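Structural overview
These are the residues of each chain, in order.
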Amino acid sequence: MWPAANWSDPECGLHHRCAKSPGTESDAPGTVRPPQLVAFTRSSWITITNVTFANPPYWGLQHFFCNDTFMSHVTILAPRWTRQIAGFMPFSVRRYAVEDSYVAVGDDAVAIMSGPDFVDGSCQANASAPCPVAPYSQPAVGLLFRRVFVLGRSFALGSEDFGNVTDVLIEDCTVGDDEGSSSHAFFFKMHSNCGNATRAQCRIGDVIVRNTRFGWIRNNTWQNPGSEGDFAIQMGMQYSDPPIDPSLPQPVMSNISFVSVTATRVFKVLSSASGALNKISGLHFVNCNFHATSPDPWVLSGVDAAS
């Protein structure tokens, strides 16, 4: 447990231990990253049951390059106003399952990623510079979330997804309460300019969200107020990136389905912006009712018309 006295305001996140400069995505010069609570690396056959993780100092329960993980009745707690405190964080995992669990944190309750991204991450700052993908990028594939109750910001897929994030099933879950605990429910975020990767190395796809309920998805005072609560679902393919370089491969987002998903209330349902050369394809909504209050609840840009 990280003592509450070591937390600071929502903009900074952690008292004298801000991992990033306030309002930026870059590391703050001279700062020290807090310790991670639990992280598994290159491990197999991991089982975690009936465990509560309270007030992690930095991010959440992390699995890097792990196979065959099963977790049930796991609780992850942190004050809602803390930034960079997340819940389940699978990174380049295979066969990863979470059931009957509860997450109440300030950042993403679930963050599914893959990679690593580039041999030298500094190359992202210059779109014209060569930016080779790390040769050992690995996918996140075969993930299951069932009966997970989320009071954190969202389920997030990406932003680091250079090894692919595919074959994900989210079912019988709840995102947000009816008082507005969550500013959005799902966030699909990808980076443009995928370096020297093939298209298959930079894809989010084959994702099913089924029999899942959203609460009241709205802006709040602790999760980027005014900028993220307008939409229940956000999809983007140019996440905090420099301009697109048409000579480089671009991300692919395809085959994503929402089936029997309901919400107490949202303002707008979906914001999609490919921002890249590829359109979002295979996007399906079946038997869904979001109770949107906006007269224009769907903002579709960069979506294949056949979706």
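Each remark here, short or long, concerns the structure printed above.
For the structure given in this document, a descriptive report is provided here.

**Quick word on the pairing of strand β16 (residues 268-273)**
The buried count for β16 comes to five of six residues, which makes it a mostly enclosed element. Pairing between β16 and strand β18 (residues 298-301): four bridges, direction parallel. Residue pairing for β18: Leu270 is matched across the bridge by Trp298.

**Comments concerning a nonpolar patch on the surface**
Where nonpolar side chains cluster on the molecular surface, the patch consists of Leu77, Tyr102 and Phe149 and spans about 220 Å² of accessible area. By the element assignment, Phe149 lies in strand β8 (residues 140-150). For Phe149, a relative accessible area of 31% translates into the label partly exposed.

**Let's talk about the side chain of His63**
By the secondary structure assignment, His63 is in strand β3 (residues 61-64). Taking the relative accessible area as the measure of exposure, His63 reaches 0% and is therefore buried. The contacts of His63, once residues within four sequence positions are left out, are Phe40, Ile46, Ile48, Thr69, Met71, Met89, Pro90, Phe91, Val93 and Tyr96.

**A look at the nonpolar core**
Within the largest apolar cluster, 57 residues are counted, with the highest numbers of intra-cluster contacts made by Phe88, Phe145, Phe186, Phe188, Phe214, Ile233 and Met235. For this core, the element with the most residues is strand β15 (residues 252-266), which contributes six residues. In contact with Ile233, not counting residues within four places along its chain, are Phe186, Phe188, Phe214, Phe258, Val269, Leu270, Ser271, Phe285 and Phe290. With eight residues, the next largest nonpolar core counts Phe65, Ala86, Met89 and Met113 among its residues.

**Some thoughts on the pattern of salt bridges**
On inspection of all chains with the given rule, the structure shows nine salt bridges. The partner of Glu171 in a salt bridge is Arg210, with the nearest N and O atoms 2.8 Å apart. Taken as a pair, Glu171 in strand β10 (residues 165-171) and Arg210 in strand β13 (residues 203-217) lie far apart in primary sequence, 39 residues in all. For Arg210, a relative accessible area of 29% gives the class partly exposed. Connected through shared salt-bridge partners, Glu99, Asp100, Arg146, Arg147, Glu171 and Arg210 make up one network.

Analysis parameters
One numbering rule holds for all chains: residues counted from 1, following each sequence as written. Only residues with pLDDT of 70 or above have their local features reported here, since the model is predicted, and side-chain atom pairs are shown and tallied only from 80 upward, although totals for entire chains, interfaces and linings are computed over all residues. Think of the side-chain values as coming from all heavy atoms in the structure, minus any hydrogens and water. Summary of the burial criterion: residues with accessible area below 20% of their type's maximum are buried, those above 50% are exposed, and those between are partly exposed, where the area comes from a 1.4 Å probe applied to protein chains only. Numbering of helices and strands runs from the N terminus; a helix is a DSSP stretch of H or I covering at least four residues, while a strand is a stretch of E covering at least two. Here, strands pair whenever DSSP counts at least two bridges between them. A residue counts toward a patch only above 30% relative accessible area and without a salt bridge, and it is joined to like-charged neighbours within 9 Å or, for Val, Leu, Ile, Met, Phe, Trp and Tyr, to nonpolar neighbours within 5 Å. Note on areas: Shrake-Rupley, 1.4 Å probe, and residue coverage restricted to the protein chains presented here. The term salt bridge refers to a pairing of a side-chain nitrogen on Lys or Arg with a carboxyl oxygen on Asp or Glu at a separation within 4 Å. Contacts were defined at the residue level, with two residues in contact if any of their heavy atoms lie within 4.5 Å. For our purposes a nonpolar core is just a set of buried Ala, Val, Leu, Ile, Met, Phe, Trp, Tyr and Cys residues, chained together by side-chain atoms within 4.5 Å.

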